[in-house]
Amino acid sequence: MQKAALQKQGHEFFWTQLDSEGNLREGGSRYYGIYGDCVAVFQPTMLCWVETKQVADSEFTYSSSFVIWIYHDGEFCTIEEAWEQGLLTKEQVALMAEYHEKAAEYFREYYQAQLPE
């Protein structure tokens, strides 16, 4: 998958992770799971605005611009392209949207907890 990312984007994925002290090192890509024969990866961009994407009957909102990449058959396309090509069902997109919202909620709570009281 990293090889395909390198070809598509010119770089491999940099994953969101915890550092050695347990602090979140955000800004990287996040694995969103396997849906049929597709692998979903969320990738934020550096553009700072709230973005919402409508795919199937589902909505994805994030605090910056973003792409949800779908890896299928050795190549990447966007979630929108995967939906249009019939690679994802409406139910799979809905599950991905639910996962996306739970991840966004986790990060909101994490950063809220980091604020001084």
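Residues numbered from 1 in each chain as written. Predicted model: local features only at pLDDT ≥ 70, side-chain atom pairs only at ≥ 80, totals over all residues. Heavy atoms only, no water.

1. Focus: the pairing of strand E7 (residues 66–72)
Alright, step 1. The buried fraction of E7 amounts to five of the seven residues, a majority that puts the element mostly inside the structure.
Alright, step 2. Where strand E4 (residues 38–44) meets E7, six bridges bridge the pair, whose relative direction is antiparallel. Bridge pairing in E7 places Ala40 opposite Ile70.
Alright, step 3. Here E7 pairs with strand E8 (residues 75–78) via four bridges, running antiparallel. The partner of Ile70 across the bridge, within E8, is Cys77.
Alright, step 4. With antiparallel pairing between neighbouring strands as the criterion, E7 and E8 make up a hairpin whose turn holds two residues, including Asp73 at a positive phi of roughly 55 degrees. (Buried < 20%, exposed > 50% of the residue type's maximum accessible area, 1.4 Å probe, protein only. Helix = DSSP H or I, 4+ residues; strand = E, 2+ residues; numbered from the N terminus. Pairing = 2+ DSSP bridges.)

2. Re the side chain of Ser65
Alright, step 1. Mapping Ser65 onto the fold places it in the loop between strand E6 (58–62) and E7.
Alright, step 2. A polar side-chain atom of Ser65 sits 2.9 Å from a polar atom in the side chain of Glu51.
Alright, step 3. Contacts of Ser65, omitting those with residues within four sequence positions, involve Pro44, Thr45, Leu47, Trp49 and Glu51. (Polar contact = N/O pair within 3.5 Å; in protein donor to acceptor, adjacent residues only side chain to side chain. Contact = heavy atoms within 4.5 Å.)

3. Here we look at the confidence of the model for the chain
Alright, step 1. In the predicted model, the chain carries a mean pLDDT of 82, and the fraction of residues at 70 or more is 77%.
Alright, step 2. Across the chain, the secondary-structure element scoring lowest on mean pLDDT is helix H1 (residues 2–9), at 52, and the one scoring highest is helix H2 (residues 79–84), at 97. (pLDDT = per-residue confidence, 0-100.)

4. Comments concerning the pattern of salt bridges
Alright, step 1. Applying the stated rule across the entire model yields three salt bridges.
Alright, step 2. Note that Lys53 is salt-bridged to Glu80, the shortest N-O span being 3.5 Å. Here Glu80 lies in helix H2 and Lys53 lies in strand E5 (residues 51–55), a separation of 27 residues in the sequence.
Alright, step 3. Taking the relative accessible area as the measure of exposure, Glu80 reaches 26% and is therefore partly exposed. (Salt bridge = Lys/Arg side-chain N within 4 Å of Asp/Glu carboxyl O.)

5. Concerning helix H3 (residues 90–114)
For an α-helix the count is 3.6 residues per turn, leaving residues at separations of three or four pointing the same way.
Alright, step 1. For H3, spanning 25 residues, the distance from its first C-alpha to its last is 36 Å, which sits close to the expected 36 Å at 1.5 Å a residue.
Alright, step 2. Within H3, burial applies to Gln92, Val93, Met96, Ala97, His100, Ala103, Ala104, Phe107 and Tyr110. (Expected span 1.5 Å × (residues − 1).)

6. Overview of the nonpolar core
For soluble globular proteins, nonpolar side chains are generally found buried alongside one another.
Alright, step 1. Within the largest apolar cluster, 19 residues are counted, with the highest numbers of intra-cluster contacts made by Tyr32, Phe60, Ile68, Ile70, Ile79, Leu88 and Met96.
Alright, step 2. Elements with a contribution of two residues or more to this core: strand E3 (30–35), E4, E6, E7, H2 and H3.
Alright, step 3. With four residues, H3 is the single largest residue contributor to this core.
Alright, step 4. Contact partners of Leu88, with chain neighbours within four places excluded, come to Tyr35, Cys38, Ile70, Ile79, Ala82, Trp83, Val93 and Met96.
Alright, step 5. Core analysis: the next-biggest nonpolar cluster, separate from the first, contains five residues, Val39, Val41, Trp69 and Phe76 among them. (Core = buried A, V, L, I, M, F, W, Y, C linked by side-chain atoms within 4.5 Å.)

7. Concerning unusual backbone geometry
A negative phi holds for most residues other than glycine; trans holds for most peptide bonds.
Alright, step 1. The phi dihedral of Ala56 is positive, around 55 degrees, even though this residue is not glycine.
Alright, step 2. Turning to its location among the elements, Ala56 is positioned in the loop between E5 and E6.
Alright, step 3. Residue classification places Ala56 among the partly exposed positions, given a relative accessible area of 24%.
Alright, step 4. Non-glycine residue Asp73 carries a positive phi angle of around 55 degrees.
Alright, step 5. In this structure, Asp73 sits in the loop between E7 and E8.

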